[in-house]
Structure formats: structure tokens, C-alpha cells
Amino acid sequence: MKQFRITATCFDASGAPIPVTWYGEAETPDIAVQCMREEAQGNGWSVGAIICVQQRKISKGVEVVE
């Protein structure tokens, strides 16, 4: 598993934009985006745009963000 951070714009039920940052673990970036979409939909939000997908990996005990 790899750690991911996804920045996105979602919309609530009234259509108001919500800036969202999702943190989680997944095997690939595509799976991470799918997990984020499922969590957003579970909150009753729709995903407008995925702004950024970052993968974090550990190098010699130090976390590095790509």
C-alpha cells in the first residue's frame, strides 16, 4: 500500500463548492481516486474536479511527497 493525498473540488447537495483534501492508502493512484470518490458520494457530495493526486513514499525513514 502507498499513501496518497488528493485535492479536489466537490459539491454538496445544494450545489455549493467544497474544497476537499482526502488522505488514504491504495495500491495505485486510480484506486486512490476511486476511494476518494466513493467517500465523497457517501457524504452526499458530487466530485467536480480532481485537482491534484500526490503519492507519498518513505525513503530512509523520511517521508517524501512526489
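Computed from a predicted structure; not experimentally measured.

(A) Representation of the overall build of the chain. Looking only at helices and strands, the chain features one helix and four strands. Beginning at the N terminus, the succession of helices and strands in the chain can be written as β-β-α-β-β. Put simply, the chain has 66 residues, and 23% of those count as buried. For the chain, long-range pairs separated by at least 24 residues make up 51% of all intrachain contacts whose partners lie at least 6 apart in sequence.

(B) Helix α1 (residues 29–42), seen in detail. Taking 1.5 Å per residue as the helical rise, α1 with its 14 residues ought to reach 20 Å, and the 20 Å between its terminal C-alpha atoms agrees with that figure. By the burial criterion, the buried members of α1 are Ala32, Val33, Met36 and Ala40. End-on view of α1: buried residues confined to an arc of 100°, all on one side of the axis. Opposite the buried face of α1, by more than 90 degrees, sit the exposed residues Asp30, Gln41 and Gly42. Two residues or fewer past α1, Gly44 is found with a positive phi of approximately 85°.

(C) Summary view of the nonpolar core. If you look at the biggest cluster of nonpolar residues, it comprises 12 residues: Phe4, Ile6, Ala8, Cys10, Ile18, Val20, Trp22, Ala26, Ala32, Val33, Met36 and Ala40. Listing elements by their share of this core, those giving two or more residues are β1 (2–11), β2 (17–26) and α1. In this view, Val20 contacts Ile6, Thr7, Ala8, Cys10 and Trp45; residues no more than four positions away in its chain are not counted.

(D) Spotlight on the pairing of β1. As defined by bridge partners, β1 adjoins β2 across 10 bridges and the pair is classed as antiparallel. Residue pairing across strands places Gln3 opposite Glu25, the latter belonging to β2. Connecting the antiparallel pair β1 and β2 is a turn made up of five residues, with Gly15 showing a positive phi of about 95°.

(E) Inspection of the environment of Pro29 at higher detail. Within the fold, Pro29 resides in helix α1. A sequence separation of 27 residues divides Pro29 from Lys2, and the C-alpha atoms of the two residues are 9.0 Å apart.

(F) Geometry of the confidence of the model for the chain. Across the chain, the average pLDDT comes to 89, with 85% of residues at 70 or higher. At the level of individual helices and strands, the chain shows its lowest average pLDDT in strand β4 (residues 62–65), which scores 62, and its highest in α1, which scores 96.

What counts, and at which threshold
Once a new chain begins, its residue numbering starts again from 1 and follows that chain's sequence as written. Given that this is a predicted model, residues contribute local features only at a pLDDT of at least 70 and side-chain atom pairs are listed and counted only at 80 or more, while totals for whole chains, interfaces and linings are drawn from all residues. Only hydrogens and water are set aside when side-chain values are computed; all heavy atoms of the structure are taken into account. Secondary structure elements are defined from DSSP: runs of H or I of at least 4 residues count as helices, runs of E of at least 2 residues count as strands, and each element is numbered from the N terminus. Working definition: with a 1.4 Å probe on protein chains only, accessible area under 20% of the residue-type maximum means buried, over 50% means exposed, and in between means partly exposed. Any two residues whose heavy atoms approach within 4.5 Å are treated as being in contact. Expected helix span is given by 1.5 Å per residue-to-residue step, counting one fewer step than there are residues. Starting at the helix axis, one direction is taken to each C-beta atom, and the arc is that of these directions. Side-chain atoms within 4.5 Å link the members of a nonpolar core, which is a set of buried Ala, Val, Leu, Ile, Met, Phe, Trp, Tyr and Cys residues. In this scheme, strands are said to pair when DSSP sees at least two bridges between them. As a per-residue measure, pLDDT tells how confident the predictor is, with possible values from 0 to 100.

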